[in-house]
Amino acid sequence: MAPDIININIKSGDGLSYAIDRKLDAELKQDVKFNLSEWNSVFNVIKNDKATEKKQYTGGDSDIRDNKQFVVQEGNYQITKSAWDKIVDMAKKKLGIPIEGQEVKTEETQETQTVTNETEAKSNEEKIKTILSDAGITVNDADMEKIKSKYEMILTYNKQNNIETNEETLKERIINYAKGLRFQNFEKTVLNQDGEYESDCSKAKTYEELHTKYKQFGKEYVETMDQDGNGQIDAHEMFYTELTTLYEAQGMSYLQAKTKALDVVKKFKDYNAMNLPKEGDPLYGTEEAEQFTDILVKVGVLDEDKNMSLSTDEAAAYLMTMAQLDDTKNNITSNENIRTELVIATMDMSVQEIMDTLGVSEQAAENIISYREKFNNSLEMTQNFIKTGSLE
């Protein structure tokens, strides 16, 4: 017996996530706002659904969130009713709407749940403090809030995707995230003051040790942006992190910045390097659209295997190239960080295009191109070093 089918209408220029969001809003008569990990859960349901033998989205099958896989043909996207019911239940849970067959929360049970949540939050904070203390890591209050948010995000993602949480893996990810925040905080200050990031890589005494430490540095860098725990960063994950930092710099609290960033990323979910906002689109020409474009360029430059995401090894090669842009040392100076970002942002530009885009002199533009040549040569070398452990 054929399963019951639900049709999701795809409009011209639309994408699957927008269509799902629109259908959920209409069905539940409320605005459903999934975060990144929740959207990932939604698309895991879709990816595993067997509504039709016809391939309804383009791109590869490894992860429906990658590359063009949100882009589907105009018309009706088919999904089984059972799969759609799962998505609706996710939305109801998000909105606090009772799900059929589940207990309806009374005022008393809601108060009990609140107390339980507060107790769990305190317990999680104690666990985090122990993890950091055992690793010899001290953080300020602002970073502790981010680490707690990361910890809870991992637990929530695992629960939603029926993944058993491995305590050792959780501990490793929290340590990597806390260490990665140090570099992220350094990057926030490079435009305002001269400084130097003291990397653990500088403590290496041998090439073997240097190789190990850079691979670890790559894990820390990726963990600060990795939302689904797959050990890679896609453009949307990097976009979310960059937006959160931008909104914090504009005076928002971390919670406010994170909430706004999630909302904006949702609007960009169906865009990629081959499909950017065009004139007439409300997102066209916005600060966020420009930032998203810059991130796509960065991922494109550093993505050695061309899978539209950065692995820990690709991140390690990027960090080593940055550290050695001005010298052969392994600490990263403010100038090395700034010049690396300028080189990546202007990778395919001519001298005149750099002058017009950045508003700099001809000499300054030529200097950027000179650094570009050094960066490209060094990146190829460091990519090989991270893969093989050899500089030959």
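First, a word on what this report is: a plain description of the structure on this page. (Residues numbered from 1 in each chain as written. Predicted model: local features only at pLDDT ≥ 70, side-chain atom pairs only at ≥ 80, totals over all residues. Heavy atoms only, no water.)

So, on to the pattern of salt bridges. As enumerated under the stated definition, the model contains 14 salt bridges in all. For K146, the salt bridge goes to E248, with nearest N and O atoms at 3.3 Å. In this pair, K146 is assigned in helix α5 (residues 141-160) and E248 in helix α8 (residues 235-249), connecting sequence segments 102 residues apart. E223 serves as the salt-bridge partner of K150, at 2.9 Å between the closest nitrogen and oxygen. (Salt bridge = Lys/Arg side-chain N within 4 Å of Asp/Glu carboxyl O. Helix = DSSP H or I, 4+ residues; strand = E, 2+ residues; numbered from the N terminus.)

Taking 1.5 Å per residue as the helical rise, helix α10 (residues 287-302) with its 16 residues ought to reach 22 Å, and the 23 Å between its terminal C-alpha atoms agrees with that figure. Three or more residues of α10 are buried, namely E288, A289, Q291, F292, I295, L296, K298, V299, V301 and L302. (Expected span 1.5 Å × (residues − 1). Buried < 20%, exposed > 50% of the residue type's maximum accessible area, 1.4 Å probe, protein only.)

Taken as a whole, the second largest pocket holds about 1,200 Å³ of empty space. Looking at the second largest pocket, it is lined by 35 residues, and the ones nearest its centre are E187, L191, E242, Q291 and E341. (1 Å grid on protein atoms, 1.4 Å probe; cavity = no way out; pocket = protein on both sides within 12 Å on 5 of 7 lines; lining within 4 Å. Points joined across faces, edges and corners; volume = space filled by probe spheres on them.)

Before going further, it helps to examine a nonpolar patch on the surface. Among the surface-exposed residues, Y207, M381 and L391 lie close enough to one another that they form a single nonpolar patch of about 290 Å² accessible area. Residue classification places M381 among the partly exposed positions, given a relative accessible area of 34%. (Patch = residues over 30% accessible without salt bridge, like charges linked within 9 Å, V, L, I, M, F, W, Y side chains within 5 Å. Areas by Shrake-Rupley, 256 points an atom, 1.4 Å probe, with all protein chains shown as cover.)

Moving on to the environment of R182. Tracing the sequence through the fold places R182 in helix α6 (residues 167-189). Sequence separation of R182 and E220 is 38 residues, and the distance between their C-alpha atoms is 9.5 Å. Excluding residues within four positions of it along the chain, R182 makes contact with Y197 and E198. Reaching out from R182, the side chain makes a polar contact with the backbone oxygen of E198 at a distance of 3.4 Å. (Contact = heavy atoms within 4.5 Å. Polar contact = N/O pair within 3.5 Å; in protein donor to acceptor, adjacent residues only side chain to side chain.)

By size, the foremost hydrophobic cluster in this structure holds 53 residues, and its most contacted members are F183, Y214, Y221 and F375. Looking at this core, the elements with two or more residues in it are α6, α7 (207-223), α8, α9 (254-267), α10, α11 (312-323), α12 (334-345) and α14 (362-388). Tallying contributions element by element places α11 first for this core, with eight residues. In terms of nonpolar packing, the next biggest core, distinct from the first, is built from 22 residues, I20, V42, I79 and A83 among them. (Core = buried A, V, L, I, M, F, W, Y, C linked by side-chain atoms within 4.5 Å.)

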